[in-house]
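# Remarks on the overall topology
The primary structure of each chain is shown beneath.
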Amino acid sequence: MDPERFVVGDHIGNLLDGVTRLVKGTAAAGFFPCRPSESPVICVSEFHTWLARVMTGTTTEALADDGPWGSRTTTAAPDWSLWVEPVRGTGSDGRRDGDAEQAGELLGALTLVVWRPAGELESSELEAIRLFAGLGARTGRSQEQAGEQARRGRLDELVSQISERLMSATLPSLPDALDWTVETLCRFLGAHAAFLRRNDHVAAVSVLMAEYPSRGVPREEDPLGVVPFDADPIFQSPRDFRVPMIVRNPSSADDGYADRVHEGTGAMITMFTGAAVPLVHADVTEGMLAFVYESHVDWTEYEVNALRAVASLLVQLLHRIDAEERLRHSALTDELTGLANRRALLEEVSRRRMSAAKPLALLFLDLDRFKVMNDYLGHGAGDRLLRVIADRIRTSLRPVDFAARLGGDEFVVLLEDTGGALGSVAAAQRLLEIIAQPIDVGGRSVTHTGSIGIAVSESDRMSGEKLLGQADIALYAAKAQGRNRTVVFDETMQASVAHRSDTELQLRKAISDDAFEVYYQPEFDLRTGRILAVEALLRWRREGYGIMGAGDFIPVAEETHLITDIDRWVLEAACNQMAHWRRQFPDAEPMVRVNMSPAQLAVPGVVQTVTGSLERSGLVPGALCLEITEQAMISDVEQAVRTLHDIRRLGVKLAIDDFGTGYTSLAALPQLPLDELKVDMSFVRRSATSPADEAIVQSVRDEKARRRMISTFDLETTEPEWALGYRFDIVLEGRNATPRENHK
């Protein structure tokens, strides 16, 4: 309340009006309660409002020192006399909140300013002043009770406001919400300072979460920021306390506490009171909300209950934020390695792109042939290898760098200020060297290489998705160039990848739109001119490109796993066409050769697929020859051999195409149920000048003679028995007999 305001309409105001009338020459009178939360009431003439400041200062000094009482003088008003009369409790009535006021307890002071020299008050006037002081004690208690009710109402409203503010708090706004709560409570309770601390029972420390007034000290530099429980008894006491606690003059209890407070605040504490309520959750003390007073203080039961409610709100908030943070951490973290995931990486790129002027370099790392190793050693060993590599990446980076795992064997490292492409390449090479170091997996020493694609962002307008996409393109180029190397993205790669991506999209559409066609290359018996067989050659009638050969799109089909669908389509078309021709020319009895990809051979149910095509077309099994490459035998030789035997039992013929370009050795041939072995022309051409290649060709002939197996060579052999149609530019077009027409 403004001390210059004239107050009427309440008991204290009437009391002051009465004493002013009884004591002649009184220009101002005031009642000053001791409680800092209660306002003084002053009755003053409109012509002497300045006296309110004089009497306030003098009375405040007397209340602080409990005297001297009676007549007082002041240089601020030398012509006026001040009389300060103490107002003390009687103990007869006026109990508040169950606490009886002790007789003689100082409740406040009644002060008058009189226009006369000091010490000239008459005895009757002094008796009147003391009488009104006694009335003031009773009236003050009544006024205090009314004030207490109003204070409770304001406290209830404050708790509601705090609840609303805390309920809407999120992780980013948490510091502001806690600071506001601590400041608001500190001001309401009239405390000198307030703070909120949280217990970390795992680390056995108390952590400062908020304070008022703020000292502006960074937590890492603050002696009061993180304090071990065993630092001193004062910081150890809140570790397990369950009920509100008031500590009188805690500085005298432990010198270490006083020194720590002095170091953190710069103030040498002497006498004060510390009061705190615990933050309790599931019988565990989570922290405390504490207030520091420069004088003696006693909380009312209502205040304690209100602070307990606030403490409960704080506990709920902190646990909700913890749960949200765990969910966010889970959403942004790779579970296997603990590195950031793709979402976190893109957020980090966006954050740095907006806040940093320095260029970013993104290194996209993929382990070479990880799937083969994972299948061989087992997925547990593969996970172990990924965790070790993730740890190596994490520990090799600078504090400003960022690492993430996108999934599988793909990792990304985000570098800042590397000095451009050259610095990024140097960093990538160091990363490859670290990855290539041996790793112990189940007692085996395993080494692994990797390939890295690099994209450098020189502009803050480049998004994380675009930067990652460019690095992915460069990684694809590194794989294509032989693996275990680093490639930096450039714009020429973009055009190549765009063409490849368009090819992939159009391939998917071509399957459903019947845009594929099969051409047939005949094989002739040079002695009779009779057609022995035809080889099915896939072509794609692509809009804007004309007719495309298989070599232009099959690699894309294999990478995107579309090859198995294409294989099934070609097999169906070839069986239908050959069945049609054999019915049309029953005496010719040619055979159709169909290439089977390694992916198709590994698909479960491939034998049923072959059987179904034969049955639907009506083609006899002996008129179909499936040609496989050596590559199909690499990943799982035993399974491939079993599948080939199952197909051979159907009566279908089998052949290995382009023998000598893969990894199949001559010693492995006896395991395979082959009818033909087609030697690659490169061996045949070199056999005339290379003894080693000639020996290989001769070994094939010997194996042919031993197993009565047909071996086929290029026309440049010395003993040609047959010829392929491409030597004579002969191609048979089977466009008039599609599988769909044969199904009708």
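Residues numbered from 1 in each chain as written. Predicted model: local features only at pLDDT ≥ 70, side-chain atom pairs only at ≥ 80, totals over all residues. Heavy atoms only, no water.

## A closer look at the overall build of the protein chain
The criterion, for reference: For helices the rule is a DSSP run of H or I covering at least 4 residues; for strands it is a run of E covering at least 2, with both sets numbered from the N terminus onward. Any two residues whose heavy atoms approach within 4.5 Å at even a single point are treated as in contact. Every accessible area reported is derived by Shrake-Rupley at a probe size of 1.4 Å, with residue values counting cover from the shown protein chains alone.
The secondary structure content of the protein chain amounts to 21 helices and 28 strands. Put simply, of all contacts in the protein chain between residues at least 6 apart along the chain, 65% involve residues at least 24 apart. By element, 51% of the accessible surface of the protein chain is carried by carbon and sulfur atoms, the whole surface being about 37,800 Å².

## Topic: the confidence of the model for the protein chain
Rules: The predictor reports its confidence for every residue as pLDDT, a score running from 0 up to 100.
In the predicted model, the protein chain carries a mean pLDDT of 79, and the fraction of residues at 70 or more is 77%. Note that residues 1-10 has pLDDT below 50 and, in this model, 18 contacts with residues that lie over four places away or in other chains. Contacts from residues 725-730, a stretch scored under 50 in pLDDT, to residues over four places away or in other chains number 15 contacts.

## Structural notes on unusual backbone geometry
Note the cut-off: Burial classes follow relative accessibility: with a 1.4 Å probe on protein chains only, a residue under 20% of its type's maximum area counts as buried, one over 50% as exposed, and anything between as partly exposed.
The omega torsion of the bond from Gly67 to Pro68 falls at -5 degrees, within 30 degrees of zero and hence cis. Its identity as a non-glycine residue notwithstanding, Ala204 has a phi of 60 degrees, on the positive side. Relative to the elements of secondary structure, Ala204 occurs in the loop between strand E6 (193-200) and strand E7 (205-212). For Ala204, a relative accessible area of 26% translates into the label partly exposed.

## Some details on the packing of helix H4 (residues 174-189) against helix H7 (residues 301-332)
Definition in use: Axis definition: a line fitted to C-alpha atoms, over the contacting stretch in the case of helices. Angles run 0 to 180 degrees between N-to-C directions. Note that the term roughly parallel is reserved for angles under 35 degrees, roughly antiparallel for angles over 145, roughly perpendicular for angles of 65 to 115, and oblique for everything else. Residue polarity follows a fixed list, in which Ala, Val, Leu, Ile, Met, Phe, Trp, Tyr, Cys and Pro are nonpolar, Asp, Glu, Lys and Arg are charged, and the others, Gly among them, are polar.
Following both chains from N to C, one finds H4 and H7 inclined at 175 degrees, their axes separated by 12 Å at the closest point. Overall, the two elements H4 and H7 adopt an arrangement that is roughly antiparallel. From H4, Leu174, Leu178, Thr181, Leu185 and Leu189 reach across to H7, where they touch Glu303, Leu307, Val310, Leu314, Leu317, Leu318 and Ile321. Looking at the contact of H4 with H7, its residues break down into ten nonpolar, one polar and one charged.

## Describing the sheet that holds strand E2 (residues 41-44)
Spelled out, the test is: Between any two strands, pairing holds if DSSP finds at least two bridges.
Reading across the sheet, the five strands line up as E2-E1-E5-E4-E3 and stay open at both edges, with antiparallel pairing between neighbours. Taken across any chain shown, the strands that pair with only one partner, and hence form the sheet edges, are E2 and strand E3 (70-72). When strand polarity is set aside, the average angle formed by the axes of neighbouring strands in this sheet is 15 degrees. With seven bridges joining them, strand E1 (residues 26-33) and strand E5 (residues 106-114) adopt antiparallel strand pairing.

## Examining helix H13 (residues 491-513)
The test is simple: Each residue after the first adds 1.5 Å to the expected span of a helix.
The first and last C-alpha atoms of H13 sit 33 Å apart over 23 residues, in line with the 33 Å expected at 1.5 Å per residue. The complete set of buried residues in H13 reads Met493, Val497, Thr503, Glu504, Leu507 and Ala510. In this structure, the buried residues of H13 make contact with helix H12 (464-480), strand E18 (486-488), strand E19 (516-525), strand E20 (531-542), helix H14 (554-559) and helix H15 (563-584). In the segment just after H13, Asp514 is the residue with positive phi, at about 55 degrees.

## Brief notes about helix H10 (residues 379-396)
Taking 1.5 Å of rise per residue, the 18 residues of H10 would be expected to cover 26 Å, and the 26 Å separating its terminal C-alpha atoms lies within 8% of that figure. Taken as a whole, H10 has its buried residues at Ala381, Gly382, Leu385, Leu386, Val388, Ile389, Ala390, Arg392 and Ile393.

## Regarding the nonpolar core
The line we're drawing: Buried Ala, Val, Leu, Ile, Met, Phe, Trp, Tyr and Cys residues form a nonpolar core when they are joined through side-chain atoms within 4.5 Å.
One finds Leu507, Val592, Val594, Leu619, Leu624 and Leu626 to be the most contacted residues of the largest nonpolar core, which totals 49 residues. At ten residues, the largest contribution of residues to this core is made by H15. Not counting chain neighbours up to four residues away, the residues in contact with Leu624 comprise Leu571, Cys575, Met591, Val592, Val594, Val610, Leu614, Leu619, Val652 and Lys653. Membership of the second largest hydrophobic core comes to 36 residues, among which are Val182, Val310, Ala311 and Leu313.

## Quick notes on the packing of H12 against H13
Their axes nearest at 10 Å, the elements H12 and H13 cross at an angle of 85 degrees. Judged by the inter-axis angle, H12 sits roughly perpendicular to H13. Residues Gln470, Ile473, Ala474, Tyr476 and Ala477 of H12 touch H13, and the partners they reach there are Met493, Gln494, Val497 and Arg500. When grouped by side-chain class, the residues that make up the contact of H12 with H13 number six nonpolar, two polar and one charged.

## Considering the sheet that holds strand E17 (residues 450-457)
Read across the sheet, five strands follow the order E13-E14-E12-E17-E18 without closing on themselves; strand pairing throughout is mixed. The open sheet is flanked by strand E13 (402-407) and E18, the only strands paired with a single partner. Across this sheet, the average inter-strand angle for adjacent strands is 20 degrees, counted without regard to direction. As paired elements, E17 and E18 share three bridges and run parallel to each other. Looking at the pairing, Ile454 lines up with Val488 of E18. Packed on one face of the sheet, H10 meets strand E12 (360-367), E13 and strand E14 (410-416) and runs near 5 degrees to E14. In the packing of H12 onto the sheet, the strands contacted are E12, E13, E14, E17 and E18, and the crossing angle to E17 comes to about 145 degrees.

## Concerning the side chain of Arg72
The criterion, for reference: Charge counting follows a simple rule: Lys and Arg are positive, Asp and Glu are negative, and His as well as the terminal groups are ignored. The salt bridge definition used is simple: a Lys or Arg side-chain nitrogen within 4 Å of an Asp or Glu carboxyl oxygen.
Along the chain, the position of Arg72 falls in strand E3. One buried charge, Arg72, has no salt-bridge partner; the nearest side chain with opposite charge is Glu61, at 4.0 Å.

## Considerations on the pattern of salt bridges
Using the criterion set out here, one finds 31 salt bridges in the structure. The shortest N-O distance in the salt bridge between Arg352 and Glu348 comes to 2.7 Å. Of the two residues, Arg352 and Glu348 both sit in helix H8 (residues 342-355), four residues apart, roughly one turn of that helix. Each of the salt bridges in this network shares a partner with another, and the network as a whole consists of Glu348, Arg351, Arg352 and Glu416.

## Here we look at the packing of aromatic side chains
To keep things clear, this is the line we draw: Pairs were defined over the aromatic rings of Phe, Tyr and Trp, the Trp ring being its six-membered one, requiring ring centres within 6.5 Å. Orientation was assigned from the angle between planes: stacked under 30 degrees, edge-to-face over 60, tilted for the rest. Should the NZ of a Lys or the CZ of an Arg lie within 6 Å of a ring centre and within 35 degrees of the ring normal, that charge is described as sitting over the ring.
Enumeration over the complete set of coordinates arrives at five aromatic pairs. Arranged with centres 6.1 Å apart and planes meeting at 55 degrees, the rings of Phe516 and Trp569 form a pair that is tilted. Taken together, the residues Phe516 in strand E19 and Trp569 in helix H15 connect sequence positions 53 residues apart. The class of Phe516 is buried, set by a relative accessible area of 5%. A ring pair is formed by Tyr520 and Trp581, whose centres lie 5.1 Å apart and whose planes are at 75 degrees; its orientation type is edge-to-face. With Tyr520 in strand E19 and Trp581 in helix H15, this residue pair connects regions lying 61 residues apart in the sequence. Members of the aromatic cluster, each reached through a chain of ring pairs, are Phe516, Trp540, Phe553 and Trp569. For the cation-ring pair, Arg542 lies above Tyr545, with the distance from its terminal atom to the ring centre recorded as 4.1 Å.

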